[in-house]
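Observations on the model geometry
What follows is the residue order along each chain.
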Amino acid sequence: MIDRLQSLEDRYNKLTELLCDPAVIADPAKLREYSKEQSDMEETVQVYREYKKTVQGLADAKVMLAEKLDDDMRDLVKMEIAELTQKEEELKAKLTILLLPKDPNDDKNVIVEIRGAAGGDEAALFAGDLYRMYTRYAERQGWKTEIIEASPTELGGFKEIIFMVNGKGAYSKLKFESGAHRVQRVPATESGGRIHTSTSTVAVLPEAEEVEVEINEKDLRIDTFCSTGPGGQSVNTTQSAIRITHIPTGLVVSCQDEKSQIKNKEKAMKVLRARLYEVKQQEQQKELADARKSQVGTGDRSERIRTYNFPQSRVTDHRIGLTLHKLEMVLQGDLDEIINALITAERTEHLKAAANE
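Just so we're clear, the structure is a prediction, and the values are computed from it rather than from any experiment.

Rules used throughout
Residues numbered from 1 in each chain as written. Predicted model: local features only at pLDDT ≥ 70, side-chain atom pairs only at ≥ 80, totals over all residues. Heavy atoms only, no water. Buried < 20%, exposed > 50% of the residue type's maximum accessible area, 1.4 Å probe, protein only. Helix = DSSP H or I, 4+ residues; strand = E, 2+ residues; numbered from the N terminus. Pairing = 2+ DSSP bridges. Phe/Tyr/Trp six-rings, centres within 6.5 Å; stacked < 30°, edge-to-face > 60°. Lys NZ or Arg CZ within 6 Å of the ring centre and 35° of its normal. Axes fitted to C-alpha atoms, helices over the stretch in contact; angles between N-to-C directions. Contact = heavy atoms within 4.5 Å. Expected span 1.5 Å × (residues − 1).

Observations regarding the pairing of strand β4 (residues 179–185)
Counted residue by residue, β4 has 7 buried out of 7 residues, so it is predominantly covered. For β4 and strand β5 (residues 196–206), the ladder comprises 7 bridges, and the chain directions are antiparallel. Counterpart to Ala 180 in the pairing with β5 is Thr 201.

Okay, here's the thing in structure tokens:
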């Protein structure tokens, strides 16, 4: 492990030199590439440097303990050794986690797709609850959200809503939300007071760069149409809405949120790239089969991942068996406890896999 960490630090130092090189500064592509590479390893290098400093301090303290000291000084040195030993173990554990294979998509922005599934109007209302939950969580993280496409219902829910979350590390936290979310509550439309069970599905897709997904313009059919639903004066009067069909795969993406046809096309292309990137990833994961499966689930939209029970104010994540009795807080965007538990579970699985290799 130490050899790997030293190699990382050596590379980090080399990148610092390269980023000061006039030739690199003059090349935007290389400057961006080297800056990202250094940024990705920065935390690991900083922790490794702190670890080396701690190990050196511990060695110095042990040498001092071997010298002739009065009782008070000896007690102080022993106390320092105990503190440094504990710190060394903590830093070593942190470095072990930092050296685990990192999902290359973790720092990316995401596109979130929420759809009402089983349950009709109640499922659409719950889709609206989930949308608000994620936007509030994004606000807590300092991320920005932007609606790409929405199909609202008269009762205030959504048959479907697609939105973008812009922020460093958005995918690293929201990727665990892909799957079927189940709600158990008495619907507002239910006069008998009976508890209904409905579901909405969530898909979290990492934003794909153009270089990651090559799209041939000849493979696209682009249709324009008038926007529908709530909006400004341009609704139903201008051909601003865009529908893009990717002919080889049959994927269809539409966007009518903006009044500008150009902006709607840009948003629709982002969604199309993300969906094609997801297809590409799924093909790669199939090749790796069980080696990539983890305790937190496959992320399949058909997999029931969480239940929101209103009568008991309970939220249960079925993948890790976590139950919290603070439903209202969760729906207000307080997802940290759930997401941190899922991150821990994923790391534990990776550590087990690494130990078995």
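Let's pick the thread back up.
Points about the packing of aromatic side chains
Applying the stated criterion across every chain yields a total of 4 aromatic pairs. Plain terms: the ring middles of Phe 126 and Tyr 308 are 5.3 Å apart, the flat faces sit at 65° to each other, and that makes the pair edge-to-face. Residue Phe 126 is found in helix α5 (residues 121–141), and its partner Tyr 308 is found in strand β9 (residues 304–309); the two are separated by 182 residues along the sequence. Aromatic ring contacts, followed pair by pair, group Tyr 131, Phe 158 and Phe 163 into a single cluster. The ring of Phe 310 has Arg 185 lying over it, and the distance from NZ or CZ to the ring centre is 4.8 Å.

Examining the pairing of strand β2 (residues 144–152)
For β2 and strand β3 (residues 158–166), the ladder comprises 8 bridges, and the chain directions are antiparallel. By the bridge assignment for β3, Pro 152 is matched with Phe 158. Hairpin geometry of β2 and β3 is characterised by an intervening segment of 5 residues between the two adjacent antiparallel strands and by a positive phi of about 105° at Gly 156.

What to know about the sheet that holds strand β1 (residues 110–116)
Spatially, β2-β3-β1-β5-β4-β9-β10-β11 is the arrangement adopted by the 8 strands of the open sheet, whose pairing is mixed. Unpaired on one side and paired on the other, β2 and β11 (322–324) mark the two borders of the sheet. For this sheet, the mean angle separating the axes of adjacent strands, direction not counted, is 15°. In the packing of α5 onto the sheet, the strands contacted are β1, β2, β3, β4, β5 and β9, and the crossing angle to β4 comes to about 110°.

So, α5
A rise of 1.5 Å per residue sets the reference length of α5, with its 21 residues, at 30 Å; its end C-alpha atoms lie 31 Å apart and thus fit the reference within 8%. Burial runs high along α5: 15 of the 21 residues are buried. Trailing α5 by a residue or two, Gly 142 shows a phi angle of about 80°, which is positive.

Remember, this is a structural readout, not a statement about activity or role.
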